[in-house]
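Observations on the model geometry
Chain by chain, the residues:
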Amino acid sequence: MSMNFKIRRATASDIDLVQELFRLTVSTLCQKDYTDDQIAAWLAAAQGNLPQWIRKLDQQYFLLATDGPQLLGFGSVDEGYIDFMYAHADYAGRGVASGILRELESEASRNGHQVLHSDVSITARPFFEKKGFKVLHANENIRGEENLVNYRMEKHLS
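Residues numbered from 1 in each chain as written. Predicted model: local features only at pLDDT ≥ 70, side-chain atom pairs only at ≥ 80, totals over all residues. Heavy atoms only, no water.

**A word on the overall build of the protein**
Tallying secondary structure elements over the protein gives five helices and seven strands in all. Reading the protein from its N end, one meets helices and strands in the order β-α-α-α-β-β-β-α-β-α-β-β. Against the 2.2 N^0.38 benchmark of 15 Å for 158 residues, the protein shows a C-alpha radius of gyration of 15 Å, consistent with a compact globule. Seen through its C-alpha atoms, the protein measures out along the principal axes to roughly 40 × 35 × 35 Å. For the protein, the proportion of its 158 residues judged to be buried stands at 45%. For the protein, long-range pairs separated by at least 24 residues make up 64% of all intrachain contacts whose partners lie at least 6 apart in sequence. Only carbon and sulfur atoms are counted for the fraction: they give 46% of the accessible area of the protein, which is about 8500 Å². Averaging the locations of the 17 positively and 21 negatively charged side chains of the protein gives two centres separated by 7 Å. (Helix = DSSP H or I, 4+ residues; strand = E, 2+ residues; numbered from the N terminus. Rg over C-alpha atoms; globule rule 2.2 N^0.38 Å. Buried < 20%, exposed > 50% of the residue type's maximum accessible area, 1.4 Å probe, protein only. Contact = heavy atoms within 4.5 Å. Areas by Shrake-Rupley, 256 points an atom, 1.4 Å probe, with all protein chains shown as cover. Lys, Arg positive; Asp, Glu negative; His and termini not counted. Charge placed at Lys NZ, Arg CZ, Asp CG, Glu CD.)

**Focus: the packing of helix H1 (residues 15-29) against helix H2 (residues 36-47)**
Put simply, H1 and H2 touch, their axes get as near as 10 Å, and they point 165° apart. Taken together, H1 and H2 sit at an angle that is classed as roughly antiparallel. Here the hand of the crossing between H1 and H2 comes out right-handed. Judged by residue contacts, Gln-19, Phe-22, Arg-23, Val-26 and Ser-27 of H1 engage Ile-39, Trp-42, Leu-43, Ala-46 and Gln-47 from H2. Partitioned by chemical class, the residues of the contact of H1 with H2 number six nonpolar, three polar and one charged. (Axes fitted to C-alpha atoms, helices over the stretch in contact; angles between N-to-C directions. Parallel < 35°, antiparallel > 145°, perpendicular 65-115°, else oblique. Left-handed = near helix turned anticlockwise from the far one by under 90°. Nonpolar A, V, L, I, M, F, W, Y, C, P; charged D, E, K, R; others polar.)

Okay, structure coming up:
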């Protein structure tokens, strides 16, 4: 059940919406794969770094999926690396992340990248596998006292 939405480039003025959707997505969709303490550590690690978020919005090919004023999802690619891919919990499975990923893959191809890489959460792994990504290895990310496992994945672009 896909839906209509627009995809546009993000700007620094979108930072509040992006961070709000990030917090919402991590704290809801990731509950089945990560403990409350792990989620709290994940959010805390991202929370205090506003300048880095703004730099990424400005410097990466950073896209937003919107329906009017509602932010449905966001994603970014930088030098063949997908840094962000988040969809609003209420719109998961409705084509938002797929639409963003298509645009990110096109941008990577236009820039001569033949392989895409990403470090994806346990929660996002099935989505990326359906899109042709393969797991290279598991990563252990220590945030405070917590170990947040994710996966380095890659996809060869045609």
